[in-house]
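Chain by chain, the residues:
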Amino acid sequence: MTPLVEDACGLSEQDDETTATMVARLHSMSVICLRYPFVGGFDERLRAHAAHLTAQPAAGARDLWTCPEVPDAARAALPALDVPGPGAHAVHLRAPETLVPFPTRELLRRYLPTARLLRPLPGRTAPVDTAAARRLLSFTAERLLDGPSESGSDFDAQERRTHPSIGQSDTFRE
């Protein structure tokens, strides 16, 4: 676990993970760091958040445009108590697809151009490795926000409306 820390939240996560590693080692126990991004109910927060990220995709880069819904986020906590030790693990709890109607690869190229892709990301596939959540907690988010459908051309049109300086030369190509 060696993240590139850029903000106070990232720094606190890095400190938590270092502490978890120390506690697991010293006390021969299992410690699970549950990494929740923006969490909310669909009607209370996530629909409005998805609309905001659709209008301003750059705002979603920090959380990689993915958020779990409350029951899914809560469902991961109980199995985290039963992971056998010793060991420390950071587990990302995310929906398997993004909240916005744009292809994930386009979002990454535009807003996180230095990101290295480690696997194919078709459509709106979440760009987050959730393998530890599946392996350790048998967790996969089940409640997904309905509504957004992938639309690369809408992405470019939205960007030109939001950022008029973006022209055809900025459109990403394979």
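This one's a predicted model, so the numbers in the text were calculated from it and none came from an experiment.

1. Section: the overall build of the protein chain
And then number 1: Check the secondary structure of the protein chain and you find seven helices and two strands.
And then number 2: Starting at the N terminus and walking to the C terminus, you meet the elements of the protein chain as α-β-α-α-α-β-α-α-α.
And then number 3: Here the protein chain holds 174 residues, and 40% of them are scored as buried.
And then number 4: Put simply, of all contacts in the protein chain between residues at least 6 apart along the chain, 77% involve residues at least 24 apart.
And then number 5: By element, 55% of the accessible surface of the protein chain is carried by carbon and sulfur atoms, the whole surface being about 9,900 Å².

2. Let's talk about the packing of aromatic side chains
Between two aromatic rings, the relevant description is the distance of the centres plus the angle of the planes.
And then number 1: For the structure shown, the criterion picks out one aromatic pair.
And then number 2: Taking the centre distance of 6.3 Å and the plane angle of 50° together, the rings of tryptophan 65 and tyrosine 111 count as tilted. Within this pair, whereas tryptophan 65 is found in the loop between α2 (42–55) and α3 (70–75), its partner tyrosine 111 is found in helix α5 (residues 104–111), the two being separated by 46 residues in sequence.
And then number 3: Of the residues examined, tyrosine 111 reaches a relative accessible area of 18% and is grouped as buried.

3. Looking at unusual backbone geometry
And then number 1: Cis geometry is found at the peptide bond from glycine 85 to proline 86, where omega equals -5°.
And then number 2: With respect to the helices, strands and loops of the structure, proline 86 is situated in the loop between α4 (77–80) and β2 (87–92).
And then number 3: Of note, leucine 64 is a non-glycine position whose phi angle comes to about 55°, a positive value.
And then number 4: With respect to the helices, strands and loops of the structure, leucine 64 is situated in the loop between α2 and α3.
And then number 5: Although it is not a glycine, serine 138 sits at a positive phi angle of roughly 50°.
And then number 6: The topology assignment puts serine 138 in the loop between α6 (131–137) and α7 (152–162).

4. Considering α5
And then number 1: Counted residue by residue, α5 has seven buried out of eight residues, so it is predominantly covered.
And then number 2: Within the sequence span of α5, burial applies to Thr104, Glu106, Leu107, Leu108, Arg109, Arg110 and Tyr111.

5. Points about the nonpolar core
Most often, soluble globular proteins keep nonpolar side chains buried together rather than apart.
And then number 1: The biggest cluster of nonpolar side chains holds 17 residues, and the ones touching the most others in it are Trp65, Leu99, Val100 and Leu107.
And then number 2: If you list the elements that add at least two residues to this core, you get α2 and α5.
And then number 3: Considering each element in turn, this core owes the most residues, four residues, to α2.
And then number 4: Core analysis: the second largest hydrophobic core is formed by twelve residues, Ile32, Ala80, Val83 and Phe139 among them.

6. Considering α2
And then number 1: Listed as buried for α2 are Phe42, Leu46, His49, Ala50 and Leu53. Projected down its long axis, α2 shows its buried positions confined to an angular sector of 110°, all on one face. Seen from the buried face of α2, the exposed residues on the opposite side, beyond 90 degrees, are Asp43, Glu44 and Ala48.

7. Some remarks on the confidence of the model for the protein chain
And then number 1: Across the protein chain, pLDDT averages 81, with 80% of residues at or above 70.
And then number 2: By mean pLDDT, the top-scoring element of the protein chain is α5 (95), and the lowest-scoring one is α7 (48).
And then number 3: Considering only residues more than four positions removed or in separate chains, one finds that residues 159–174, a stretch of pLDDT under 50, has 21 contacts.

8. Thoughts on the side chain of threonine 66
And then number 1: Locating threonine 66 in the fold gives a position in the loop between α2 and α3.
And then number 2: On the basis of relative accessible area, threonine 66 is assigned to the buried category, the value being 0%.
And then number 3: Separated by 2.9 Å, the side chains of threonine 66 and arginine 94 make a polar contact.

Definitions and limits used
- Residues numbered from 1 in each chain as written.
- Predicted model: local features only at pLDDT ≥ 70, side-chain atom pairs only at ≥ 80, totals over all residues.
- Heavy atoms only, no water.
- Helix = DSSP H or I, 4+ residues; strand = E, 2+ residues; numbered from the N terminus.
- Buried < 20%, exposed > 50% of the residue type's maximum accessible area, 1.4 Å probe, protein only.
- Contact = heavy atoms within 4.5 Å.
- Areas by Shrake-Rupley, 256 points an atom, 1.4 Å probe, with all protein chains shown as cover.
- Phe/Tyr/Trp six-rings, centres within 6.5 Å; stacked < 30°, edge-to-face > 60°.
- Core = buried A, V, L, I, M, F, W, Y, C linked by side-chain atoms within 4.5 Å.
- Arc of directions from axis to C-beta.
- pLDDT = per-residue confidence, 0-100.
- Polar contact = N/O pair within 3.5 Å; in protein donor to acceptor, adjacent residues only side chain to side chain.

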